[in-house]
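Structural description and commentary
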Amino acid sequence: MVSGAGALSNPYKCLRLEIKSHELATCWVSKYSGPRPKSLFGAGEGWTQSPSPTKPPVQALSMCSVDAGQVADPSQHGPKKKKKSGGSGGKKLSKAERLKLQKEEEDRRLLEEEEARLRAEQEEAERLEKDRILREERERLEAKDQERRGTEVAELHSLEENFSWARQWKADYRAHAKLIEKLCFLLLDTPPNELMEKVIIQYQESILELQSLLHQKYNEATEHLLKKANTYADSDSGNMEVVIKDKNITFCIWGNLKKNPRFKNHMFCDAENGFDLPKTVATSDVAVRILHTHYDHISPLQHIPKLHLKVQAPESKPELTVLYDMKEEKEGEQKGGEDSNFVIEKESDGRKSAISFKDSTKIDPDENEKLEEESDKKSEIVSTFSGVQVAPLQVATDEKEEEIIGENVVDLHQFTPVGGVYLIDALKLPPQAKQIKNWTMVELLDAGLETYPYPPESEETEDATYPCIGVTLRLLDSVIFFEEPVVARWDSADKQWRTDCISDIKYKMKEKQISFDMDAFYTITLIQDAHLNMPYQSWELRPNGTDELLFTVVTAFAEVQMQIKGNQCMLSSIVVDGSEQLSHLTGKWTSPIDLTIALKKAGVNIFPSDYSYKYVCVNTKTPLAEVTTYQQMALVASAFAFSWSKWNLASGQDQVVFKVSEYLKTDAVKDEDWSLYMFNGQRAQRLKISETSEAFSEDLAENTEFHSTLYHLIKDFASDEAIEKVKKTSCLFIDATYQLLMATRVLTYS
């Protein structure tokens, strides 16, 4: 539509555009006397009328420069306003005006760019100034930390004397230890550097002799019973049946007195253990024994690390080096006379904490001895490392110790026997006593107790096949199997557990019963993955009274709560699938070592071994950071709670991160009461971030400082009551706490 004065005086102006087939658009406009709008039709002065189309339009175009709202209907009457084509008053901008507008726009753009540049410069200057202030403040705090390092370390060492007192107490206790359990305790609890190799061999030989003696006693008892088998005959079957149950053993024996060819199987009702016999055996003079020892006396004894601890602390050097010498070296990797040393480096400025393997060929033996003598004299400036510390952190680097595991052989580094050992064997039934008048006559054999061979051992039957022996075993209520166990047999020739020659395994978890077939009589055990409960999902260490605390470890299968009081500890509870388990262990006070043995024996292994890092996704930390943290956590655990933090995964190998809160009450710690602490063994700091922060940052919390020890950092925010409680803590309580922390290694295996 055209607007303007001309439109008001010419009411019938309209425009219509139509298209015919294969023709261009034809326009007609009613003629009027006004001037022709230049913006629409050019410079013409008059209007011309085109003839009206004689054919109906084929297609109306919406592409016309005049839209639908601008095309007037010829049937309508009345004046229409003309649309202005230019600016105000319909005038076209001149070239000068356009240049002026462009210049104004360019000036405005330049002004905005200048303002943005000035703002950026100002922000950069503010950032640099802020960084300078933060850098100067950090340097001031680091200098302050260096000034008081000596005082703090000396004060810490005075507290660490508790470890020496605890070791002395345990040494006095070990002096009275005897028998298998006591010898095992000695081997596990005594620091390797305090045990000479000949003493270790002597202890292990004593254990083997005692185990052999026990087994001999079991055989003598079996022989005695079999000689009087007819006196123990069952009234229904006529065969001998004896079941003897003790705290540590379940003894089942069956004698085939009737030799019934229709005999198929037998179940010891009191023990719920049973067996199926092939027909050839069922008609022979045979006895079947199932001797279940609730402990494992078959597997090879646990390897004791051959470890010697040397501490080097030269006066002239600020670096403190702790060397762990391995007595055996890698074949082909070391030259003659070289030692492989496990090194922890500590620098006085606290910025470096490294772990490495170094060659020590440049160290003269005499000089090394002098350094050892100096370290003895200067032990007060070196953190104490007990055997409990070192053994779990041992890295197995000796190729000789890494045996090649064959097919069907159980790797005892990855798996562990649970529920004891089942000795299932067939024995020749000795001649029975006969009553003749007033005489009792019995044939005496010089051979004693003899094994019944099955399959028969002869050249003619080497390639023959024999029916399998079926076995049904009732699992102990005192153990937990988190998954279906693996049945393994003992290979006495190669001294190893194997999984071949066993078939058709059926496991009933609710009934705690397992059945299987085997091609001969074997000694059997049930194998479970030793690392099912690793890594842990969370952990918490919380005071629970005077020299008392509660230690909770949550795994994928169970929640384990252990209580420490004085120098003893106990299992408070273990919850699996919402129900409490192992009631026979809960509420019984014992030593930390005995508790770890009892839990492992029950199938709850939350105690990493030397080789666990091969089978578990480990959050690797340097021994310097990890061990020192456990020590100093134990020193203040009587008044402060500690817990797991997700940021420990993001802090790197040299730093450990955990939550800390002063705890002098009995309620649970609130989320807002926790603070995040980071420690590398030489420098402790409180972090600005929280557990719910979006990203990890090492920035210091406001109004906090660096400290050389975790104890002094915690002391900055502690109440007088809490510090007084820490100073009065029993040395035995500190040592027991430290032992459990080192046994579980929660900072690495969480």
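Before any of the text, the structure's been laid out above.
So, here's what we can say about the structure. (Residues numbered from 1 in each chain as written. Predicted model: local features only at pLDDT ≥ 70, side-chain atom pairs only at ≥ 80, totals over all residues. Heavy atoms only, no water.)

Some words on the pattern of salt bridges
This is how it is decided: Should a side-chain nitrogen of Lys or Arg be within 4 Å of a carboxyl oxygen of Asp or Glu, the pair is scored as a salt bridge. Think of it this way: any DSSP run of H or I at least four residues long counts as a helix, any run of E at least two long counts as a strand, and we number them from the N terminus. Working definition: with a 1.4 Å probe on protein chains only, accessible area under 20% of the residue-type maximum means buried, over 50% means exposed, and in between means partly exposed.
With the rule as written, the count across this model stands at 28 salt bridges. Where aspartate 285 meets lysine 259, a salt bridge forms, and the shortest distance between an N and an O atom there is 2.6 Å. Taken together, the residues aspartate 285 in the loop between helix H6 (279-282) and strand E7 (286-293) and lysine 259 in the loop between strand E4 (249-255) and strand E5 (265-268) connect sequence positions 26 residues apart. In this structure aspartate 285 comes out as partly exposed when scored by relative accessible area, which is 39%. Here the salt bridges share partners, and the residues they tie into one network are Arg138, Glu142, Asp145, Arg149 and Arg683.

Notes on helix H13 (residues 731-744)
Helical geometry note: an α-helix holds 3.6 residues per turn, so side chains three or four residues apart project in the same direction. Rules: An expected span of 1.5 Å times one less than the residue number is assigned to each helix. For this analysis, a polar contact is any N or O atom pair within 3.5 Å, provided that within protein one partner can donate a hydrogen and the other can accept it, and provided that sequence-adjacent residues contribute only side-chain to side-chain pairs.
With 14 residues, H13 ought to run about 20 Å at 1.5 Å a step, and its terminal C-alpha atoms sit 20 Å apart, in line with that. Here H13 lies mainly inside the structure; 14 of its 14 residues are buried. Measuring from the backbone nitrogen of leucine 732 back to the side-chain oxygen at the start of H13 gives 3.2 Å, which picks out serine 730 as the cap. Within two residues after H13, arginine 745 carries a phi angle of roughly 50°, on the positive side.

Quick word on the pairing of strand E21 (residues 538-545)
Selection criterion: Being paired, for any two strands, means DSSP has found at least two bridges between them.
As paired elements, E21 and strand E22 (residues 548-554) share seven bridges and run antiparallel to each other. What sits directly across from tryptophan 539, in E22, is valine 553. Hairpin connection, E21 to E22: the antiparallel pair is bridged by two residues, and aspartate 547 has positive phi, about 50°. Pairing analysis gives two bridges linking E21 to strand E26 (residues 640-643), with the strands arranged antiparallel. Residue pairing in the sheet places glutamate 540 in a bridge with serine 643 of E26.

Points about the packing of aromatic side chains
Definition in use: Here is the rule: rings of Phe, Tyr and Trp (six-membered ring for Trp) pair when centre to centre is within 6.5 Å. Planes less than 30 degrees apart are stacked, more than 60 are edge-to-face, and the remainder are tilted. The rule for a charge over a ring is simple: NZ of Lys or CZ of Arg within 6 Å of the ring centre, and within 35 degrees of the ring normal.
Going through the model one piece at a time under the given rule, you end up with 10 aromatic pairs. For the pair tyrosine 454 and phenylalanine 521, a centre-to-centre distance of 6.3 Å together with 75° between the ring planes defines the contact as edge-to-face. One end of the pair, tyrosine 454, is in the loop between strand E14 (439-441) and strand E15 (469-474); the other, phenylalanine 521, is in the loop between strand E19 (513-518) and strand E20 (523-529), with 67 residues separating them in the sequence. One exposure class covers both tyrosine 454 and phenylalanine 521, and it is buried. With a centroid separation of 5.4 Å and an interplanar angle of 45°, the aromatic rings of phenylalanine 482 and phenylalanine 557 are classed as tilted. You can see phenylalanine 482 sitting in the loop between E15 and strand E16 (486-491) and its partner phenylalanine 557 sitting in the loop between E22 and strand E23 (558-565), a full 75 residues away along the chain. Relative accessible area serves as the criterion here: at 10%, phenylalanine 482 is assigned to the buried category. Three or more aromatic residues joined by ring pairs form one cluster here, namely Trp254, Phe263, Phe268 and Phe275. Taking the ring centre of phenylalanine 717 as reference, the NZ or CZ of arginine 686 above it sits at 4.3 Å.

Considerations on helix H12 (residues 720-727)
Heads up, the condition is: For this quantity, the arc is that covered by the directions from the helix axis to the C-beta atoms.
Turning to H12, its buried residues are Ala722, Ile723 and Val726. Buried residues along H12 cover an arc of 95° about the axis, so they all sit on one side. In H12, the exposed positions that point more than 90 degrees away from the buried face belong to Asp720 and Glu721.

Quick look at the pairing of strand E6 (residues 273-276)
Two elements, E5 and E6, share four bridges in a ladder whose sense is antiparallel. Bridging across to E6, histidine 266 finds its partner in phenylalanine 275. The antiparallel pairing of E5 with E6 creates a hairpin that spans four residues between the two strands, and glutamate 272 there sits at a positive phi of about 60°. Examined bridge by bridge, E6 and E15 share three bridges and lie antiparallel to one another. Bridged to phenylalanine 275 within E15 is valine 471.

Don't take any of this as a statement about function, it's just geometry.
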